[in-house]
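Topology and contacts: notes
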Amino acid sequence: MKKTWDSGCSSSDPANSTSQRHSYMRFTFGQSLATTSQTTASTFPYPIVVDSKDKTTSIIKETEPTPSVSLQELLLTPGQPTADVNKSKRQQGRLGGVNRKLRYLASRAPLFSSRAESNFDSPWRNMEWTEERKTSLMEMISSYRPSCEDVAQARVLLLGPVGSGKSSFISSVQSVFNGRVTNRAMVGSFASSFTKKTFSIRHQKRGDVTGLVLCDMMGLTTEGMSGLTLHDILSVIKGHVPEGHKFSPDQPVSSSETVGYVKRPSLQDKIHCVAFVVDASKVMTNATGLSITFKKLREHISDLGVHQVVLLTHVDQICSETAKDATNVYKSRIIQDMMKKTADLLGMSTSYIVPVKNYSSELDVDVNTDVLILSAVDHILQYADLYFQDSTPKNTGSKLDL
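Below or above, wherever it landed, is the structure these notes cover. (Residues numbered from 1 in each chain as written. Predicted model: local features only at pLDDT ≥ 70, side-chain atom pairs only at ≥ 80, totals over all residues. Heavy atoms only, no water.)

**Observations concerning the overall build of the protein**
- Within the protein, the secondary structure is distributed over 11 helices and 14 strands.
- Across the 402 residues that make up the protein, the buried fraction comes to 47%.
- Intrachain contacts of the protein at a sequence separation of at least 6 include 73% that bridge at least 24 residues.
- Accessible surface for the protein amounts to roughly 20,000 Å². Of this, 49% is attributable to carbon and sulfur atoms. (Helix = DSSP H or I, 4+ residues; strand = E, 2+ residues; numbered from the N terminus. Buried < 20%, exposed > 50% of the residue type's maximum accessible area, 1.4 Å probe, protein only. Contact = heavy atoms within 4.5 Å. Areas by Shrake-Rupley, 256 points an atom, 1.4 Å probe, with all protein chains shown as cover.)

This is the structure we're talking about:
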């Protein structure tokens with residue numbers, strides 16, 4: 001296996017001719033870039049050039065393919081110089097700095113993929129990124145009412161691992177309607193006790209409540225349900241659990257022990273759609289545990305006649321172009337590939353999955369991010385309405401006594 005390291009000290013080096021004080025160190029490694037935890041992999045066909053002075057990196061595209069070398073092996077065994085280099089402590093320190101930089105790049109590999117490598121020329125899903133489209137989506141969501149007359153609002157339960165972005169999605173949706181970025185307190189960070197909370201989405205200008213309620217609960221773990229048992233989740237979906245109920249792993253929901261337990265829940269009390277929230281940057285981490293948990297949940301939820309969708313969050317963390325501009329989300333090869341992996345993980349078609357970029361460090365809303373978030377909400381409401389269509393009694397011409 002070939003590993004090269006060039007000191008950049010030769011007179012033919014263009015970087016050296018610009019400034020003698022800059023020392024460029026170049027590592028060439030293989031097309032298969034794997035993180036040190038061996039949990040993710042992405043294509044990385046070009047070598048990285050690291051400027052040891054200003055700590056910057058760049059990707060160099062060459063006409064000839066780069067020889068395949070394991071990045072992990074390179075980090076464990078630094079490459080030998082191709083020319084005689086004085087192995088002083090100073091140079092060894094520089095080499096150590098490069099190794100640290102490469103380890104960082106390995107952990108954030110997708111962020112450093114080239115544009116040509118990660119993006120298609122045309123989008124694989126069509127989306128209109130305009131202020132008019134944003135306004136149209138806001139109007140549709142604001143005016144939405146369930147097709148069932150007995151239900152005022154569609155209740156959507158967000159389920160996903162800890163840190164997957166459930167609370168951030170709720171905050172992001174509310175931020176769009178508020179016209180400014182707002183953040184809500186997380187409700188799923190503690191394993192010992194956690195509360196069921198619902199959030200009604202309000203239109204800022206009108207001041208009225210939309211026909212959508214988002215329900216947040218404790219995050220799942222890859223080891224299983226943790227304190228949130230399958231019984232508790234199904235009890236919420238069936239409508240037995242009252243608002244503000246504090247769950248405890250030592251005391252499952254029951255008609256005899258749970259204060260305010262709803263014995264005969266109405267259609268309004270029940271969950272009408274479940275949105276699984278999956279972190280795109282962690283899809284391949286503990287994939288087996290997540291797959292078992294999600295598929296087990298899906299099986300029981302489907303038996304209740306509740307439709308499910310998937311929100312693939314943190315897509316901006318796996319695609320740098322999407323991080324810069326949300327309109328690149330449906331041109332990204334990386335995101336498309338991650339959606340396929342997520343579909344396999346949950347045993348669902350990619351048509352149920354929508355990518356999401358939540359507001360996190362931003363102070364102001366952005367029209368393109370707003371359109372992406374609102375499109376996810378519209379996707380959810382379509383499947384919630386299917387539940388009402390399935391649950392509404394068909395008019396048979398005769399009145400039944402219930």
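Structure's up, so let's keep going.
**Considering unusual backbone geometry**
- One non-glycine residue with positive phi stands out, namely His314, at about 60°.
- Take His314: it is sitting in the loop between strand S13 (307-313) and helix H9 (320-324).

**Structural notes on the packing of aromatic side chains**
- The final tally for this structure, using the stated rule, is 4 aromatic pairs.
- Between Phe276 and Phe294 the ring centres are 5.2 Å apart and the planes differ by 80°, which places this aromatic pair in the edge-to-face class. Taken together, the residues Phe276 in strand S12 (residues 273-279) and Phe294 in helix H8 (residues 287-303) connect sequence positions 18 residues apart. The residues Phe276 and Phe294 share a single accessibility class, namely buried.
- With centroids separated by 5.9 Å and ring planes inclined at 75°, the aromatic side chains of Tyr387 and Phe388 adopt a geometry described as edge-to-face. Across the pair, Phe388 and Tyr387 agree in class, each one buried.
- Over the face of the ring belonging to Phe120 we find Arg333, whose NZ or CZ atom lies 4.1 Å from the ring centre. (Phe/Tyr/Trp six-rings, centres within 6.5 Å; stacked < 30°, edge-to-face > 60°. Lys NZ or Arg CZ within 6 Å of the ring centre and 35° of its normal.)

**Considering the nonpolar core**
- If you look at the biggest cluster of nonpolar residues, it comprises 82 residues, and the most contacted ones within it are Phe169 and Leu311.
- Looking at this core element by element, the count peaks at 12 residues for helix H11 (residues 367-391).
- Once residues within four sequence positions are removed from consideration, Leu311 is found in contact with Leu158, Phe169, Ala275, Phe276, Val277, Val278, Val354, Val356, Ala376 and Ile380. (Core = buried A, V, L, I, M, F, W, Y, C linked by side-chain atoms within 4.5 Å.)

**Examining the pattern of salt bridges**
- Evaluated as defined, the whole model comprises 3 salt bridges.
- Where Lys134 meets Asp370, a salt bridge forms, and the shortest distance between an N and an O atom there is 2.8 Å. Linking Lys134 in helix H5 (residues 131-142) with Asp370 in helix H11, this pair joins segments that are 236 residues apart in sequence.
- With a shortest N-O distance of 2.4 Å, Lys341 and Asp337 are connected by a salt bridge. (Salt bridge = Lys/Arg side-chain N within 4 Å of Asp/Glu carboxyl O.)

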